[in-house]
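# A closer look at the structure
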Amino acid sequence: METRRRMLRQYPDARELRPPLNAEIAIDGIAALLRGKPCDFSDVVLDMNGMPPFNRRIYEYARTIPRGKTITFAELAKRLGASGAAHAIGQAIGRNPFTVLVPCHRVLAADGETVSFCMNGGTISRRRLLSLEGALTKSGPTLFDALLSVAPPRPQG
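A brief structural summary. Here the structure is a predicted model, which is why all the values come from computation and not from measurement.

This next bit is on the overall build of the chain. Across its full length, the chain holds 7 helices and 2 strands. Written out in order from the N terminus, the α and β elements of the chain read α-α-α-β-α-α-β-α-α. Residue pairs in contact within the chain that sit at least 24 positions apart in sequence constitute 52% of those at least 6 positions apart.

Next up on the list: unusual backbone geometry. The phi torsion at Val 100 lies on the positive side, around 80°, for a residue other than glycine. By the element assignment, Val 100 lies in the loop between α5 (86–94) and β2 (107–108). What makes Val 100 buried here is its relative accessible area of 14%.

With that out of the way, let us pick up the side chain of Asn 96. Structurally, the position occupied by Asn 96 is in the loop between α5 and β2. The exposure class of Asn 96 is buried, given its relative accessible area of 0%. A distance of 2.9 Å separates the side chain of Asn 96 from the backbone oxygen of Val 102, its partner in a polar contact.

As a further point, take the environment of Glu 60. Along the chain, the position of Glu 60 falls in helix α3 (residues 53–62). Note: C-alpha distance between Glu 60 and Leu 46 (14 residues apart in sequence) is 9.9 Å.

Once that is clear, we can look at the nonpolar core. Within the largest apolar cluster, 27 residues are counted, with the highest numbers of intra-cluster contacts made by Ile 58, Ile 89 and Val 107. For this core, the secondary-structure elements that each account for two or more residues are α2 (21–34), α3, α4 (73–79) and α5. Those residues in contact with Ile 58 that sit more than four places away from it in its chain are Leu 76, Leu 80, Ala 88, Ile 89, Ala 92 and Ile 93.

What follows covers the packing of α3 against α5. It is the contact of α3 with α5, at a shortest axis distance of 10 Å, that shows an interaxial angle of 80°. Taken as axis vectors, α3 and α5 run roughly perpendicular relative to one another. Together, Phe 54, Asn 55, Ile 58 and Tyr 59 of α3 and Ala 88, Ile 89, Ala 92 and Ile 93 of α5 make up the contact between the two elements. The residue makeup of the contact of α3 with α5, split by class, is 7 nonpolar, 1 polar and no charged.

So, how was this worked out
- Residues numbered from 1 in each chain as written.
- Predicted model: local features only at pLDDT ≥ 70, side-chain atom pairs only at ≥ 80, totals over all residues.
- Heavy atoms only, no water.
- Helix = DSSP H or I, 4+ residues; strand = E, 2+ residues; numbered from the N terminus.
- Contact = heavy atoms within 4.5 Å.
- Buried < 20%, exposed > 50% of the residue type's maximum accessible area, 1.4 Å probe, protein only.
- Polar contact = N/O pair within 3.5 Å; in protein donor to acceptor, adjacent residues only side chain to side chain.
- Core = buried A, V, L, I, M, F, W, Y, C linked by side-chain atoms within 4.5 Å.
- Axes fitted to C-alpha atoms, helices over the stretch in contact; angles between N-to-C directions.
- Parallel < 35°, antiparallel > 145°, perpendicular 65-115°, else oblique.
- Nonpolar A, V, L, I, M, F, W, Y, C, P; charged D, E, K, R; others polar.

This is a description of form; function is not addressed.
Set out below in structure tokens:
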């Protein structure tokens, strides 16, 4: 509610509208993901105009990585036929403007290593998303997971 009031103070002519279908699919999928439910963003159309072709290829491939699976920068570079481009892959992943819709959290610097290039939320968000997807079973629950289980629920509204 406070966010809505702040937005209206800043943009007094703004009106709340139902989001376009593409955005609604994304919103529903993100909400499901954050509840730990499977979701599919393959129907969400992303506007990659003006994006370097190499980054597009990376993001398109990242969208095919199944929930609960991860891949390393080097593996992704090899699969894209650009074996020496692991660093460039990391740079593109770090600039991903479609966080969650392009699951950059599934692309890791090294197998099991979750501390690496990460945009919009950083390492904690990456670990949380991987944990929700069941990709961190080897390392056990994180401190973040343990704290969430005892934290009071956030007020709805």
